[in-house]
Amino acid sequence: MSLKLILSIGASALAVACAQTPSNDAATSAEVIDQQAEAMPVAASVETYPAALFHETTSYRLGSSSGFIFSHDDDAMLASTDKTGIYNAITLDASGDVSPLTESDSDAVYAQSFFPGDDRVLVTSDGGGNEIDHVYVRELDGTLVDLTPGEETRASFIGWRGDGEVFYIATNERDAETDDLYAYKTADYSRELVFENEGMSIADVSPDGRWLAMTRERTSADSDIYLVDLYADAPTPVLISEHEGDIAYGVYDFTADSETLIYATNEFGEFNQAWTYNLASKDRAPLVKADWDVSFVFDSPTGRYLVSAVNNDAVTDVTIHDHETGEDVSLSGIPDGELGQIRFSRDESQIAFGVNTDTSPFNLYLADLDTGMATRLTDALPDGIDEDDLVTATVVRYPSFDGLEIPGIFYMPKQASAENPVPALVWVHGGPGGQSTKGYSATIQHLVNHGYAVLAANNRGSSGYGKTFFHMDDRNHGEADLQDIVWARTYLEGIEGINPDEIGIIGGSYGGFMTAAALAFEPEVFDVGINIFGVTNWVRTLESIPPWWGSFRDALYDEMGDPATDLERLKRISPLFHADQITKPMLVIQGANDPRVLQVESDELVAAARENGATVEYVLFPDEGHGFQKRANRIAASEAFVSFLDTYLKGEMATDAIQEASASEGAAE
């Protein structure tokens, strides 16, 4: 997990566009604004849809990239879907027919891997969003066996040894703050502790089972890679990234032959590049580099194909290179969108993958690698929605207070025009260090469909735009980055078709903090705010971080500040201590099981703002954690957003559907 993404909401996921390098040219930025303002479309009539339709899109997730996604005979693919309202494990065949594997109605279940030689399946699940995941085997008769029991044990599936006789699981059962590595036998699930970890992060195990790659965060800008020879009598981490200064290193993958580690480094410029490290000779060589971050790189199981992706201005560009032919694979029969979750069949004749666009959710495809022809397996968008009514986002940039160009993804309602200006929202992503990107969002499309323009801003500190931009908010959270959000309002006020008197702010997790901070520290800027699972008291949050963040606590403190030494600054930027300045209407959304942003964070902010006389609506979901796993709760939240905005931003004084949604969908105040 990236240090600066610990407060991202996992159920949203996973970003927006900016200049490749930060610019201080305010004149250039003004020209960009003028060009963007001139692009105002003619107003169109669209049908508006309830939140239920947007969220009744069926989401799919293929199993782990470290597992077997195709069955041993290549006849089925393993995935998870929320078709029933909550994620459960399923299989799909080549025609897209679905067979359920689990039937949970309370806790989300995520498929990880088929077993190598039969139809047993590994899955993971936590308790109501508490993030204490366990790893289970689904036996052939459908029963689930917990491989990692223990009320406080948190576990994760790491991968398989190449011979299929062993799979690896990391757990924190010995020490809550670190993960040890265990090898489980495929035949009987007996296990062996293969590495006792002391505070590093487990990244990957080589296919032959010999090498363990680990990372250590030294600071928010500086990290290292270690290798452990698991065949040694006393396996010991060996540093392979000796360097001076701030350089970030990470692990992508081991090659299929277990001879080379593919790793990430930003040593040679602003962006992450992919390099190789030969395990025998220790030689290094560049592999993939671009004018943007290399997002991921991995080998196919036999090593014939190399898959790489680049975060190209908030759009993921994927390349599949065939070493045998020397050519890149060209896929046909797919829409213009982002490819993700690429998984190879056992015989490497096919790949399963997903495609995401602004106006259509993530759909799964199956492609023949010889011809490149792809077949769509799923239809995620409900029949009740006309895709032509949805909005394709545009990449924009605007100047901040100091002239720095801030990237964003902009959604303009089709019904907007100069004669019919619409209200607008500044959307702030999670993190710190997250990124808003193009792609389908049920929540955003619901807002836009109901006449709200949305600017998803990538304030300084966002990932994807180079390490200088990424670190501009270090020890500066809620200050310089908040001003980037404040200046987003100025940008929106200058766009034809936007009502300059009706502009609000919305954000989740770190974005929820930014929302509360804007209302507290810049109380006259935004007309309303929606705070979703947002931090309000940084002192308490940093003092109560979950134990499994222990391996990078020091780096987190370097990024945000140490409560023991930075108490004054942390209080200064925490909205809770300044709630007496909140005057504008605010909606607060919170999950009772959230281990990252505790419920007390929202409870106290709501009470303090109400005491000050502010109008505050509060929706508490008793069965959610840091994000939404249940469709019913996503629907309830989205309806609450629109009802709140219709009432307090548009001023229509709509009926109080916030409480109605809470009662009907299981939310409780």
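In what follows, the structure referred to is the one given above.
Counting restarts for each chain, with residues numbered from 1 along the sequence as it is written. A pLDDT threshold of at least 70 governs which residues receive local features in this predicted model, and a stricter bar of 80 or more applies before side-chain atom pairs are shown or counted, although totals over entire chains, interfaces and linings include all residues. For side-chain calculations, the full set of non-hydrogen atoms in the structure is used, while hydrogens and water are omitted.

Asks: Hey, could you run me through the packing of aromatic side chains in this one?
Replies: Each aromatic ring pair is specified by the distance between its two centres and by the angle formed by the two planes. Each aromatic pair joins two rings of Phe, Tyr and Trp (for Trp, the six-membered one) with centres within 6.5 Å, and gets the label stacked for planes under 30 degrees apart, edge-to-face for over 60, and tilted for any other angle. Per the counting criterion, the structure on display carries 23 aromatic pairs. When the centroid spacing of 5.7 Å and the interplanar angle of 70° are considered together, the rings of Phe115 and Phe167 count as edge-to-face. On the criterion of sequence distance, the pair formed by Phe115 in the loop between strand S5 (109-114) and strand S6 (121-125) and Phe167 in strand S10 (residues 166-171) is long-range, its members being 52 residues apart. For the residue pair Phe115 and Phe167, the accessibility class agrees, reading buried in each case. Taking 5.4 Å as the distance between ring centres and 15° as the angle between the ring planes, the aromatic pair formed by Phe167 and Tyr184 counts as stacked. Here a helix means four or more residues in a row that DSSP labels H or I, a strand means two or more in a row labelled E, and each is numbered from the N terminus. Type-normalised accessible area, obtained with a 1.4 Å probe on protein chains alone, sets the label of each residue: buried when under 20%, exposed when over 50%, and partly exposed for intermediate values.

Asks: Just to check I follow, could you spell out the environment of Ser156 for this structure?
Replies: Tracing the sequence through the fold places Ser156 in strand S9 (residues 155-160). The partly exposed category is assigned to Ser156, whose relative accessible area is 28%. Counting along the chain gives 22 residues from Ser156 to His134, while the straight-line C-alpha distance between them is 7.0 Å. Two residues form a contact once any of their heavy atoms are found within 4.5 Å. Every residue in contact with Ser156, bar those within four places of it in the chain, is listed here: Val135, Tyr168, Ile169 and Ala170.

Asks: What exactly am I supposed to notice about the pattern of salt bridges here?
Replies: Side-chain pairs of opposite charge can arise whenever the charged atoms involved come near each other. Definition used for salt bridges: Asp or Glu carboxyl oxygen within 4 Å of a side-chain nitrogen of Lys or Arg. On inspection of all chains with the given rule, the structure shows 27 salt bridges. Where Arg161 meets Glu165, a salt bridge forms, and the shortest distance between an N and an O atom there is 3.8 Å. Look at Arg161 and you get partly exposed, because its relative accessible area is 23%. Judged by relative accessible area, Glu165 falls into the exposed class, the value being 51%. In this structure, Asp484 engages Arg460 in a salt bridge whose closest nitrogen and oxygen atoms are separated by 2.8 Å.

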